[in-house]
Each structure stands twice: as structure tokens, then as C-alpha cells.
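# Structural overview for review
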Amino acid sequence: MTRESLCTLLEMVFDRIGSAVDDRELVRAARGGDEDAFADLVRRHSGGLHRSVARVVLDDAEAWDVVQMAFLRAWQRLDRYNPRWSFATWLYRIGANLAIDLVRSRASRQKAHQAGGEHQLRIVGGSQQAPPDRLGHDEVDGILRELVEDLTPQQRTVFVLREVEGLETAEVAEILGCSVATVRNHVFQARKTLRREVEHRFPEYVPEGHRGGHEL
Amino acid sequence: MSCETYREMLAAYLDDSLDEVRRASFRAHLRSCASCRAFALAEEPTLIFALAAPREPEPARVEACVTAVTAGIRQERLRRQLREPRRPWLAAAAAVLMAVAGVGGWWLGSDRAGVSTAYQAEVRDDAEVEATLTREGTVEIEPPPRIEIDMAQEEVRVYQYAIENDDSTGAVFIVNPGMEL
């Protein structure tokens, strides 16, 4: 490991520890009725939570609604917060449950949408041979948006948190209230489904000579 | 760490057997190294999703969220305040006072029944006088009462309006001044 990447990783770890400690102080103040302290928690975590939720519910505005609802629930239940967990994990747990509920509640409507079949969002600029080294982050989100509906609500939440956001397996398990083995199983199943769909619907992202080469 | 080492880590990454530090390092390298990325995508196309880097949200959107959450909290607090009066003894005292007044009134009424009946009739007459007949024979009603009470200690303001042309029905608005536009 290079010195530079080691420094980056250490920075990430220290940032995370520092942030968790600050969060606990803010939570303590918020429990005492300090609205400003709670507003600081919203400022810190709403962006990250929104990003994850939007990738699960596939709607930016609805994702903000879920984020607001998650923070209000957190405020109402601050007395139940266990400082053993990080505030972010606890908040993500509330947000993930709300997002899964939302996806489930509109499942039938989404099925009707899917009956239309064709994916309409093509972000690749006309080229069928987009080289992988020019892949933009918006493109990744576009592909995810197209394919994630093929997953169950649980699978897509786990996959987004673990593979896309890069959260730790144990943290995802705490958020979803399931075991580490269940998280791994969801990721495995999601990967299996998505691999087939990427090869079938976005072959331009799979290098030549490898397309369709995976036994499912 | 060399590209070769990262490529050897691929199987462990997919098995979820890498420790979290090495896993984060692998993901970071995949974003920065085009040849390793091509190699990894050829092996496992779903690694494309590991390339979605975190993006900072728009500050204005975050502030809008803060405002919405804070307003929700204040609304929740107000609702709780109204549900649970802060001075329940006041309500009890008012109930006792009303009971005493009722008993006193009954005692006075039974003692001087004639005077009392006449007085009540007068009051009813006054109320009826408020509704006077116009020349066309339609009833003209006085403008409805409008009451504004600033309950500073309760941190709320109460507005009471009578419904138009109906002085027996009222509408009460209880407003938290902090949330008024």
C-alpha cells in the first residue's frame, strides 16, 4: 500500500471516529431540547442519507421526503437512541425501513410502469463502445436506476449500502436488522441478477470477449 | 501496492473476505486505474456499481431539509403542548370555581325566584334585539365577534372568529408565533 493511500485511509478512519464523537454530543444536546444541535445533525447526515435513499426509491423528491420523515422519527425517538451505535447507523436504519416501505407500497404501480419494457434513460453519448476508462459517475447512477428495479426491496437496499456506498457488512447488517450472512446472501443474489442485466442491456460496458461469458 | 496485487485481490473482494481497509483501498484503486478497472469489469460487470463515487448534495437543498425538519419539530412540540396542558391545576381550579358559582346561583335563584326569572328574560331579550328586522323583513345580524388573544406564557396566539352569518358557530386558530410567516 502506498504512503498516499495509507494516509487517505487513516484520514477516513479518523474523520469517522471524530464525526461519531461529535454526533453523540449533538444528540445529547438535542435530547435536552436543543433544536440547533439537531439541525446540525440534519446538515451532517441528510446529504448522505438522501443519496442512499434516492438510489433505493429511484425518485429524488420522494427521497428528500423520506429523509425528512426519517429525521422527524429520529427526533421523536431520541430517548430510544442507544449511544453504543453511531447516530448515522441508527438514522440509516430508520431511513432504510422507510425507503423499503415506500418501495413495497408502490410495487404494483412500478410493475405497471415496467410493462412498458424499454429502458429510456441512455446516458452513453451515442457510442456503443464507450471505453470503461471514460465511465462517469452519473452514468453509473443511470445504469443503477435502470436495473435496480429488478431487485427485491431488501436486495436493492443491501446492494446500494454495501456495494455502491461502500458501507461495512456489519454496519449494513445493523441498519437492516439482519445477520452478516443475510447481507452477504443479498449481495450475492443482487450481483447475480444485475450481472445478467448489465450483460444483456448494457453490453457496451462489458469489454469485448467477455460478454455473456458468465454462467448463472 | 501494485496493480498486480490489486488484481489478485479481486476474488477476495467478490467473496467479501477482504478486511474493510483493504476493501476501501481496492475500490479507490478501481476508480483511479483505468486498466485495472477494465480488467475487473471483464471479470465481474457488476463492479461498475462500485464506481459510483459519493457526491456532495446541493447546500440549498440541505438547508431546505433543515428548515422542513425544524418546522416539523416545532409543530410536533406545539401539538404536544396543546394535548398536555402545562398547568392541569388551572383546569381543576376552574372546574371547582364553576361548580361553586353554579351552586351559588341555584341558591340565589331558589331564594329570589321572581327577580331572577325576570333578569334572565331581559338578557334573552337583549340577545334577540341584536337581530333586528330590516324594512324588507329579512334578519340583519351584527358582525361576528373577532377575538385575538396573545398567550405569551403559553407561547401561542389564539384567534377566534365567528362563522359569517352564524353566531352560534366559531372557529379557533391556535398559532405558534414562531411559525407565522
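Residues numbered from 1 in each chain as written. Chains lettered and ligands numbered in written order. Predicted model: local features only at pLDDT ≥ 70, side-chain atom pairs only at ≥ 80, totals over all residues.

Quick look at the overall build of chain A now. On a plain count of helices and strands, chain A comes out with nine helices and zero strands. Along chain A, helices and strands appear, N-terminal first, in the series α-α-α-α-α-α-α-α-α. Counting only residues that meet the buried cut, chain A has 32% of its 216 residues in that class. Within chain A, counting contacts between residues at least 6 apart in sequence, those at least 24 apart form 63% of the total. (Helix = DSSP H or I, 4+ residues; strand = E, 2+ residues; numbered from the N terminus. Buried ≥ 20, exposed ≤ 12 C-beta atoms within 10 Å, placed from the backbone. Contact = placed C-beta atoms within 7 Å.)

Bringing helix α9 (residues 180-201) of chain A into the picture now. All names here are of chain A. The terminal C-alpha atoms of α9 lie 31 Å apart, and with 22 residues this matches the ideal 32 Å at 1.5 Å per residue to within 8%. When we look at burial in α9, the residues that qualify are Val183, His186, Val187, Ala190, Leu194 and Val198. All buried residues of α9 fall inside an arc of 95 degrees around its axis, so they share one side. Away from the buried face of α9 by more than 90 degrees, exposed residues Ala181 and His200 are located. (Expected span 1.5 Å × (residues − 1). Arc of directions from axis to C-beta.)

This next bit is on the environment of Ala40 of chain B. Looking at the secondary structure, you find Ala40 of chain B in helix α3 (residues 34-43). A residue is classified by how many C-beta atoms lie within 10 Å of it, and Ala40 of chain B, with 25 of them, is buried.

Looking now at the interface of chain A and chain B. Between chain A and chain B, the residue contacts involve 45 residues of the former and 34 residues of the latter. The set of elements that each furnish at least two residues to the side of chain A that touches chain B consists of α1 (3-31), α2 (35-57), α3 (60-76), α6 (137-147), α7 (153-164) and α9 of chain A. Per element, the largest residue contribution to the side of chain A that touches chain B is nine residues, and it comes from α2 of chain A. Classifying every residue of the side of chain A that touches chain B by side-chain character gives 23 nonpolar, eleven polar and eleven charged. (Nonpolar A, V, L, I, M, F, W, Y, C, P; charged D, E, K, R; others polar.)

All right, on to the confidence of the model for chain A then. Residues and elements named next belong to chain A. For chain A, per-residue confidence averages 80 on the pLDDT scale, and 72% of positions sit at 70 or higher. The lowest-confidence element of chain A is helix α5 (residues 107-114), averaging 59 in pLDDT; the highest-confidence one is α3, averaging 94. Every residue in residues 116-134 scores below 50 in pLDDT, and together they form 23 contacts with partners more than four places removed in sequence or on other chains. In this model residues 212-216 is a low-confidence stretch, pLDDT under 50, and it forms four contacts with partners more than four residues away in sequence or in other chains. (pLDDT = per-residue confidence, 0-100.)

Let's shift gears to the packing of α2 of chain A against helix α4 (residues 87-105) of chain A. Residue and element names in this part refer to chain A. One can describe the packing of α2 onto α4 by two numbers: an axis separation of 10 Å at closest approach and a directional angle of 35 degrees. α2 and α4 meet at a crossing whose hand is right-handed. Each of Leu41, His45, Leu49, Val53, Val56 and Val57 in α2 lies in contact with α4, whose residues at this interface are Phe87, Ala88, Leu91, Tyr92, Gly95, Ala99, Leu102 and Val103. Residues of the contact of α2 with α4, tallied by class, amount to twelve nonpolar, two polar and no charged. (Axes fitted to C-alpha atoms, helices over the stretch in contact; angles between N-to-C directions. Left-handed = near helix turned anticlockwise from the far one by under 90°.)

As a further point, take the packing of α2 of chain A against helix α4 (residues 59-83) of chain B. Where α2 of chain A meets α4 of chain B, the axes come as close as 9 Å, and the angle between the chain directions of the two elements is 140 degrees. On the basis of their axis angle, the class for α2 of chain A and α4 of chain B is oblique. At the point where α2 of chain A passes α4 of chain B, the crossing takes the right-handed sense. Across the interface between the two elements, Glu35, Phe38, Ala39, Val42, Arg43, Ser46 and Gly47 of chain A from α2 of chain A touch Val62, Cys65, Val66, Val69, Thr70 and Ile73 of chain B from α4 of chain B. The residue inventory of the contact of α2 of chain A with α4 of chain B, partitioned by class, reads eight nonpolar, three polar and two charged. (Parallel < 35°, antiparallel > 145°, perpendicular 65-115°, else oblique.)

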